[in-house]
Amino acid sequence: MAVDHPTTNTVREEALKKIKLNLTKESRIGEIDFNNLQFGKKYADHMLVADFDGQEWKNAEILPFQHLSVSPSNAAWHYGQAIFEGIKAYKDQEGEPMIFRPYDNYARFNISAERMGMPSVPEWLFIGGMDLLIDADRKWVPANQGSSLYLRPFMIAADEFIGVKPSDTYKFVIITSPSGPYFNKPIKLLVQDKYIRAFPGGVGYAKAAGNYGGAMYPTMQAKKQGYDQILWVDGAAFKNLQECGTMNVFVIIGNKAITPDLTQGTILAGVTRASVMDILTDMGLTVEERPISIEEVVAAWKDGSLKEVFGTGTASSVAYVEQLDYKENLIKLDTTKYSVGAEVIERLDAIRTGRAEDTRNWNYKVGSSAL
């Protein structure tokens, strides 16, 4: 069973006082085939919305999922003040919903907000609001292996003004989606040596919408060539690995697990990445968080010491890489022999679903107030 965060009850009580509940009288859950879930295609009955008026967050409400009414002059459309997070909820062995490491995502959300000149979101709204939202839609949390309730908190500028300045007002929203695996098979990556995702001093470490918008065109071109995603490298020398489009990356060379370090501020500090680093350490591997060049990966492949390459992320969980293309080097890997990745997946899933002891207090158990 999950161990409650020390402030869970206090945060939930504050949320109940500040968030209006406007629940639907007729659920849409009968429309969902939980045995055939696609990622991000369907949405649960409710959503959470709140407004920042320049001074404080107010008008917080859980209400039926619906469209937002936004002016064409909304500042987010024009200047890109938009951030988001990706979180997942699972059912434990008793069928109760648990959120995986929401406080880590909460901290990162506010780091992104600061970098983008946006207000921070209080704990009662982000954590407490998410607790109440999932409590209201607890039947939407899938129980099938490999499935989860994907949570998407986001914030956008709300000023109706097209002058170039930070918005004074903002809207915060959480929507949820019962989803299956993001990748249902091993993936192929193209090492990008022309375009860049991020540069030191930029916003690469923030979960800003523009980071993904800027990656769309190169990714489209890669997919036309048969690849699933891009593996980005640094923008100075086009040498050191950074991250994939939706994932951090791990390389298993010998008995070492290597993942790019975060010191340049160009890589997202993935919550799944941090979890996998701890699990790999528990498994007895040496975990190195450091710069790793594509040439080092190629050399390890040529001498036979490259064992596995996989990506990690909330949406993708752990995604095996079966092919890695860099210039004239076509690296093919037999993912059926991925013993490290397989054990990481098993251990991670066991913790998230309550089949293994949660010794690090990663899971947040959703309360129940008979909403």
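Here is what the cut-offs are and how they apply
- Residues numbered from 1 in each chain as written.
- Predicted model: local features only at pLDDT ≥ 70, side-chain atom pairs only at ≥ 80, totals over all residues.
- Heavy atoms only, no water.
- Domains from an automatic or database assignment.
- Contact = heavy atoms within 4.5 Å.
- Helix = DSSP H or I, 4+ residues; strand = E, 2+ residues; numbered from the N terminus.
- Nonpolar A, V, L, I, M, F, W, Y, C, P; charged D, E, K, R; others polar.
- Axes fitted to C-alpha atoms, helices over the stretch in contact; angles between N-to-C directions.
- Left-handed = near helix turned anticlockwise from the far one by under 90°.
- Patch = residues over 30% accessible without salt bridge, like charges linked within 9 Å, V, L, I, M, F, W, Y side chains within 5 Å.
- Areas by Shrake-Rupley, 256 points an atom, 1.4 Å probe, with all protein chains shown as cover.
- Salt bridge = Lys/Arg side-chain N within 4 Å of Asp/Glu carboxyl O.
- Buried < 20%, exposed > 50% of the residue type's maximum accessible area, 1.4 Å probe, protein only.
- Pairing = 2+ DSSP bridges.
- UniProt positions renumbered as here; feature names shortened; annotations may be inferred.
- 1 Å grid on protein atoms, 1.4 Å probe; cavity = no way out; pocket = protein on both sides within 12 Å on 5 of 7 lines; lining within 4 Å.
- Points joined across faces, edges and corners; volume = space filled by probe spheres on them.

*Asks:* Before we move on, can you summarise the domain arrangement of the protein with the specific residues and values?
*Replies:* It is common to give the size of an interface as the accessible area that goes away when the parts come together. Each domain of the protein was delimited in the assignment, giving domain 1 (8-181) and domain 2 (187-352). Averaged C-alpha coordinates put domain 1 and domain 2 at centres separated by 28 Å. Domain 1 puts 20 residues into the contact, and the matching count from domain 2 is 20 residues. Looking at the side of domain 1 that touches domain 2, the elements with two or more residues in it are strand 4 (82-84), strand 5 (87-91), strand 6 (97-100) and helix 3 (102-115). When the residues that make up the side of domain 1 that touches domain 2 are grouped by side-chain class, the tally is eleven nonpolar, three polar and six charged.

*Asks:* Just give me the short version of the packing of helix 3 against helix 4 (residues 123-136), but keep the residues and values in it.
*Replies:* Direction vectors running N to C along helix 3 and helix 4 enclose 145 degrees, while the axes themselves pass 11 Å from each other. Note on packing geometry: the crossing formed by helix 3 with helix 4 is right-handed. Packed against helix 3, whose contacting residues are P102, Y103, N105, Y106 and F109, the element helix 4 presents E123, F126, I127 and M130 at the interface. Among the residues making up the contact of helix 3 with helix 4, the classes are represented as seven nonpolar, one polar and one charged.

*Asks:* Hey, could you go over a nonpolar patch on the surface for me, with residue numbers and the actual values?
*Replies:* A cluster of nonpolar residues, L68, V70 and W77, forms a patch on the protein surface that exposes about 270 Å² of accessible area. Of note, V70 is situated in the loop between strand 3 (57-64) and helix 2 (75-79). Overall, the relative accessible area of 30% leaves V70 in the partly exposed class.

*Asks:* Explain the pairing of strand 15 (residues 306-313) to me, and be specific about the residues and the numbers.
*Replies:* Of all eight residues in strand 15, seven are buried; the element is thus mostly enclosed. Sheet analysis places strand 12 (residues 248-253) next to strand 15, joined by six bridges and oriented antiparallel. Each residue of the ladder has a partner; that of V249, found in strand 15, is G311. As paired strands, strand 15 and strand 16 (residues 317-326) are joined by four bridges and run antiparallel to one another. Looking at the pairing, T312 lines up with V318 of strand 16.

*Asks:* Could you give an account of the UniProt feature "modified residue: N6-(pyridoxal phosphate)lysine" (unreviewed entry) in the protein, naming the residues involved and the relevant values?
*Replies:* In the numbering used here, UniProt assigns the feature "modified residue: N6-(pyridoxal phosphate)lysine" (unreviewed entry) to K207. Within the fold, K207 resides in the loop between strand 9 (187-191) and helix 5 (209-224). Looking at K207, the relative accessible area reads 11%, which means it is buried. Apart from the residues lying within four places of it in its own chain, the contact partners of K207 are I83, F84, E85, G86, R108, S112, Y212 and L268.

*Asks:* So what's going on with empty space enclosed by the protein? Residues and values would help.
*Replies:* In the structure shown here, the tally under the stated rule is one cavity of 30 Å³ or more. There is about 80 Å³ of room inside the largest cavity. Along the walls of the largest cavity sit G86, I87, K88, Y90, F100, N105, V271, T272, G313, T314 and R352, which together make up its complete lining. Contributing elements (two or more residues each) for the lining of the largest cavity: strand 5 and helix 6 (271-282). With three residues, the single largest contributor to the lining of the largest cavity is strand 5. Here the lining of the largest cavity gathers at least three residues from each of two domains, domain 1 (8-181) and domain 2 (187-352).

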